Amino acid sequence: MPSLTPGSAMPASDITSLRAVLRSPQRLRVEVLAGLVVALALIPEAISFSIIAGVDPRVGLFASCTMAVSIAFLGGRPAMISAATGAVALVIAPVMRDHGFDYLIATVLLAGVIQIVLGVLGVARLMRFIPRSVMVGFVNSLAILIFLAQLPHLIDVPWAVYPLVAAGIVILVGLPRLTKAVPAPLVAIVVLSVLVTVASVGVPTVSDEGKLPDSLPSLFWPNVPLNLETLRIIAPYALGMALVGLLESLMTAKLVDDVTDTPSSKTREAWGQGAANVITGLFGGMGGCAMIGQTMINVKASGGRSRLSTFLAGAFLLILVVGLGDIVGDIPMAALVAVMVMVSVGTFDWHSIRPRTLRRMPRSETTVMVATVIVVVATHNLAIGVVVGVLVAMVLFARRVAHFTQVAEIAQPDENTKVYKVTGELFFASSNDLVYQFDYLHDPATVLIDLTDSHIWDASTVATLDAITTKYQRYGKTVEIIGLNPASAERRDRLAGQLNASH
């Protein structure tokens, strides 16, 4: 039987279907309210990322609107939120600083095209090579970054901010235990906003983060020369934006798959992100990618599961900042900080750092997770952390597998023949020491090396076997490699004698 999603009478496999959502008033209410909560949480984030990129706040806000609305139709992961992000802002900020706004938009457009090409080429399939330990590190580092991003709103602020944040956390923790009819984040935002307005409490508000736009976005085409010089300027940043955006989006999609127990199309998500960035660029937006924090607000805190919540997040954001800017501007930042703090707590994989878990987990797995977390927190770049984590995992895996290869003397049919048996996978890490496992001086005239229980994976192993043969030949002895499977035999026949086998 299909599993049921908590708080819903609908099977998890049906919840992501828009048609199924529209047939269920209960599910529809959840999706609408989830979109509203996410829209409110997007406002200060988009303004902050605009500041990082060096652009006007309306650029980040409109980018978040167009990204969310576009990806709702084009993306491969229902309920995932895409908008302007810090990772993308950091990559493209130098373009704005050194060359201006038109070149920044040209960079966003080119990045979108690159993402579409990479998506069509199937780059999403590379996700299978990301180990679980890297994924855990990604999630934990993300939770830490979300929490750290709230600290500026908690330092050097009026004292009233602290009880407001505490009250918000109490609502977020306590309300779901009483009822889940209304998302707790929405209740916390409304209650604290009313309290601050009625009591005339002087605390930082959303309007303090930047001026909200008062008009709709319009089509925009960058005024840059269409020549190789322009390409030389924007291409490196566009490629960086495309790769960072895809990596963060695909990692977030995988996380949502795990949280919701539903699959998604990573290939569609890859080219969908590119198309959304092209659309965003054409409306003068700074581009973006999946937002893990807002996605967790939608999926975990508010129960969103379909494309409707993603679409409404973008639509509500546009309505809020353009039509209700004065009201939205009065929302206390303390309310949004409380929401994000609880998102951080809920995102962190606490099980991964329990002493019992750490004792059972192989040290290499823990090392990969810690390396990922350290790099992400140090660089504030999830993509760099994931790449480093994968590289560390590859090195540790190769080191571990290298020790599985064994060489043993199994027979000596007569005084002129000796048989060695090699067991294990042979590749660059395991085969380099293979050359030192034989007694070239004292072995008889004929040596048989049995590779029945081995497999040749690369040219390094072929070069090692050539080196072994050469060493025996120096002593006037003959070597025969036996037991090769077809793939290994084909690789050795093709490369033997063509490589430098000197040791």
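Keep in mind that what you see is a predicted model, and the values were worked out from it rather than measured. Throughout, a residue's number is its position along its own chain's written sequence, starting from 1. Reporting of local features is limited, given that this is a predicted model, to residues whose pLDDT is at least 70; pairs of side-chain atoms are given and counted only at 80 or more, and all residues count toward the totals for whole chains, interfaces and linings. Note that the side-chain values use all heavy atoms of the structure and ignore hydrogens as well as water.

### Concerning the packing of aromatic side chains
Turning to step 1, where the next piece is worked out: In this analysis, rings of Phe, Tyr and Trp, with Trp reduced to its six-membered ring, are considered paired at centre separations within 6.5 Å, and the interplanar angle assigns stacked below 30 degrees, edge-to-face beyond 60, and tilted for intermediate values. All chains considered together, the criterion is met by 8 aromatic pairs.
Turning to step 2, where the next piece is worked out: Taking 6.4 Å as the distance between ring centres and 70° as the angle between the ring planes, the aromatic pair formed by phenylalanine 438 and tyrosine 472 counts as edge-to-face. In this pair, phenylalanine 438 is assigned in the loop between helix 19 (428-431) and strand 5 (446-456) and tyrosine 472 in helix 20 (residues 459-474), connecting sequence segments 34 residues apart. Like tyrosine 472, phenylalanine 438 is buried.
Turning to step 3, where the next piece is worked out: Ring pairs connect the aromatic residues Tyr420, Phe438, Tyr440 and Tyr472, which therefore count as one cluster.
Turning to step 4, where the next piece is worked out: Only when the NZ atom of a Lys or the CZ atom of an Arg is both within 6 Å of the ring centre and within 35 degrees of the ring normal do we say a charge sits over the ring. The ring centre of tyrosine 440 lies 5.9 Å from the NZ or CZ of lysine 471, which sits over that ring. Each helix corresponds to a stretch of at least 4 residues labelled H or I by DSSP, and each strand to a stretch of at least 2 residues labelled E; elements are numbered beginning at the N terminus. Think of it in three bands: with a 1.4 Å probe and only protein chains considered, a residue is buried below 20% of the maximum accessible area for its type, exposed above 50%, and partly exposed in between.

### What about the pattern of salt bridges?
Turning to step 1, where the next piece is worked out: Salt-bridge detection follows one rule: a side-chain nitrogen of Lys or Arg within 4 Å of a carboxyl oxygen of Asp or Glu. Per the stated rule, a full pass over the model turns up 10 salt bridges.
Turning to step 2, where the next piece is worked out: Notably, a salt bridge pairs arginine 494 with glutamate 490, separated by 3.0 Å at the nearest N-O pair. Taken together, the positions of arginine 494 and glutamate 490, both in helix 21 (residues 486-495) and 4 residues apart, correspond to about one turn of that helix.
Turning to step 3, where the next piece is worked out: Taking relative accessible area as the criterion, arginine 494 reaches 47% and is therefore assigned partly exposed.
Turning to step 4, where the next piece is worked out: Via salt bridges that share partners, Arg77, Asp257 and Lys266 belong to a single interconnected network.

### A word on the packing of helix 10 (residues 228-260) against helix 18 (residues 382-402)
Turning to step 1, where the next piece is worked out: Two numbers describe how helix 10 lies on helix 18: the axes approach to 9 Å, and their chain directions differ by 75°. Judged on the interaxial angle alone, helix 18 and helix 10 are roughly perpendicular. For the pair helix 10 and helix 18, the contacting residues are Val244, Leu247, Glu248 and Met251 in the first and Leu382, Ala383, Val386 and Val387 in the second.
Turning to step 2, where the next piece is worked out: In the scheme used here, Gly and all other residues not listed as nonpolar or charged are polar, with Ala, Val, Leu, Ile, Met, Phe, Trp, Tyr, Cys and Pro taken as nonpolar and Asp, Glu, Lys and Arg as charged. Looking at side-chain class alone, the contact of helix 10 with helix 18 contains 7 nonpolar, no polar and 1 charged residues. Lines fitted to C-alpha atoms define the axes here, with helix axes fitted over just the stretch in contact, and angles between the N-to-C directions of these axes take values from 0 to 180 degrees. Small angles under 35 degrees read as roughly parallel and large ones over 145 as roughly antiparallel, with 65 to 115 read as roughly perpendicular and the rest as oblique. Only heavy atoms enter the contact rule, under which two residues are in contact if any of them lie within 4.5 Å.

Function-wise, these values are silent; they only describe arrangement.
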